Amino acid sequence: MGRDFKMWLWYKSGQFLRDPSNMHFTTYSTHPFKDQRPGTSGLRKRVEVFRQGNYLKNFVQSVFDTQRELVGGTLVLGGDGRFYNREAIQIILRMAAANGVARVLVGQGGLLSTPAASCVIRKYGAAGGLILSASHNPGGPDGDFGIKYNTANGGPAPEKVTEAIYARTLEITNFRSIDEEDVELDDLGSYQLSETQIEVIDPVADYADLMASIFDFDAIRALLAGGFRIRFDAMHAVTGPYATRILEQTLGAPAGTVINGEPLEDFGGHHPDPNLVHAAELVAMTQGPDGVDFAAASDGDGDRNMILGRDFFVTPSDSLAVLAANATLIPAHRGGIPGVARSMPTSQAVDRVAAAMGIECFETPTGWKFFGNLLDAGRIAFCGEESFGTGSNHVREKDGLWAVLAWLNVLAARGQSVADIVTGHWQQYGRNYYSRHDYEGIKGKAADQLMKDLRARLPQLPGTFLDGLEVGYADDFSYTDPIDGSVSQRQGVRIGFSNGSRIVFRLSGTGTVDATLRVYLESFEPNVASQGLDPQVALAALISTANELAQIQLLTGRAAPDVIT
Ligand code: G16
């Protein structure tokens, strides 16, 4: 009788609560924590929160208790290498063995980027994955940690799954583990942990193979051999080994192309957040006559990307639109793409491309999980978010290096500079000026009050004029998933003006301390002669309208945002 079948029989026979004769585990009693509801992307907290008592164990047991397909199935496990990653992996391996997981694929050194984890889940038919990361948040003992569950399609668990896990955390009374030595994570190979097979896999190989199957590597190789100069900033996070293998060792970029390539537990003391503020060293390399032709950075877990040309920053919203418009230059999409999607606060630049191409375009709530059903159903092939996320149907996560390779593929095929491609795009489709203003660390009460006041004003706004602009619609975004009909409400306040401008307000779902207010601003400029402004100048009137409308200074005490992207 096969082992999987035995496990299935054991589970189906309702004897799960009894110790099956061939498994030895210990049941420990525990008490629920009340704050384990996953946010925009998994459970993120300060490291000290995760290290208290049974905090991590409660959450992991709640995953095993609710995601029954893991019993007798394969689990993918890895993280971004931040502080507590290794310790957490050993804890989870022992719990996986105690909970009857048949096989665990764990990245060597405990590393797996988020998109690579998605790739491995899909390639090996795993039942799910646990990814340990707090993304772009700082690491180290005083930093953040996180854990998220991905389902068998490789994507972040949908809300109904995360809610079931959360509900379980509120009632949990015990967890299971085994008493065994740590598994050797640094050597590739297969190990037995009680009845569970642990395979320590090369975290890069499967992902690198997938990239080679999508892009025109020969064209990119030729571009780089021809003197096109690039830099990639791994920000001392997980993409270092991936970028070094793919860009330098496979595509022939010179050694030194990848900077900050060694993953460190504290990311070298920096925020592994690929934006103009936190990747300032990289930005400087693109400036002036000696600036490189192309530069990019990724975040802690490798799913975000920032794209730069010489003296040129590509907003994530524009990046999505440009890649969609050029999709057929990428071999995997030569036949065209069925549709695109963007999160609600992302600029509407890609909508214009979709309209011109005659393909579907979807507007989803913030959070990559909302793209999953559309990707699975084949309705979209490209999707993206203003928060430096871009991806395609190759995995079910956003993918930083995919975006970098997509850009290199398009640059190789078109033989133009980044700036020429983007400004040419604006000339053809018009420019969506775009900016996001973040007010970080504001008191939760003040943030809630601000959103409440805004919501209360929404019904009166349509038809009125704010600073001379007529309000076309004002609502709190609600999304009905076109595939499974699930409804997600209160996803952000939108105020749309009749000239196409928009202001969006929402509270971040990824922070770990107090609240972060995000204000998203967008205007449309079809006139080519007016497309060269600094976005902060082009959006100045909208910015002051937003501040007044939400009473930001009055309610938060802040005169200016902390971060502008
Ligand atoms: C996560 C989600 C993204 C989301 C971003 C920002 O990214 O996967 O979908 O856009 O958070 O979310 P918020 O505005 O709620 O902070 P990551 O890279 O942090 O996992």
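Check the entry above for the structure.
Residues numbered from 1 in each chain as written. Predicted model: local features only at pLDDT ≥ 70, side-chain atom pairs only at ≥ 80, totals over all residues. Heavy atoms only, no water.

Caption draft 1: Geometry of empty space enclosed by the protein. Summed over all chains, the structure comprises two cavities of 30 Å³ or more. Here the largest cavity defines a volume of roughly 100 Å³. Along the walls of the largest cavity sit 15 residues, with Pro38, Gly42, Lys148, Tyr149 and Thr162 positioned nearest its centre. At the level of elements, β6 (144-151) and α6 (159-171) are the ones that each hand at least two residues to the lining of the largest cavity. Ranked by residue count, the leading element in the lining of the largest cavity is β6, at three residues. Residue composition of the lining of the largest cavity, grouped by class: eight nonpolar, five polar and two charged. Lining the second largest cavity, in full, are Phe313, Thr315, Pro316, Glu386, Phe388, Tyr434, Ser435, Arg436 and Thr565. (1 Å grid on protein atoms, 1.4 Å probe; cavity = no way out; pocket = protein on both sides within 12 Å on 5 of 7 lines; lining within 4 Å. Points joined across faces, edges and corners; volume = space filled by probe spheres on them. Helix = DSSP H or I, 4+ residues; strand = E, 2+ residues; numbered from the N terminus. Nonpolar A, V, L, I, M, F, W, Y, C, P; charged D, E, K, R; others polar.)

Caption draft 2: Representation of the site of the ligand in the model. Around the ligand, a shell composed of 19 residues is seen, among which Glu385, Ser387, Gly509, Thr510 and Arg518 lie nearest. A distance of 2.6 Å is found between an oxygen atom of the ligand and a side-chain nitrogen or oxygen belonging to Ser387. One of the side-chain N or O atoms of Ser508 is found 2.7 Å from an oxygen atom in the ligand. (Near = heavy atom within 4 Å. Polar contact = N/O pair within 3.5 Å; in protein donor to acceptor, adjacent residues only side chain to side chain.)

Caption draft 3: Looking closely at the pairing of strand β25 (residues 502-507). Buried residues dominate β25, accounting for five of its six residues. Relative to β25, strand β24 (residues 493-497) runs antiparallel, the two sharing four bridges. Opposite Ile495, over in β25, you have Ile503 as the bridge partner. Here β24 hands over to β25 after four residues, with Gly500 in that stretch at a positive phi of 95°. Relative to strand β26 (residues 515-525), β25 runs antiparallel, the two sharing six bridges. (Buried < 20%, exposed > 50% of the residue type's maximum accessible area, 1.4 Å probe, protein only. Pairing = 2+ DSSP bridges.)

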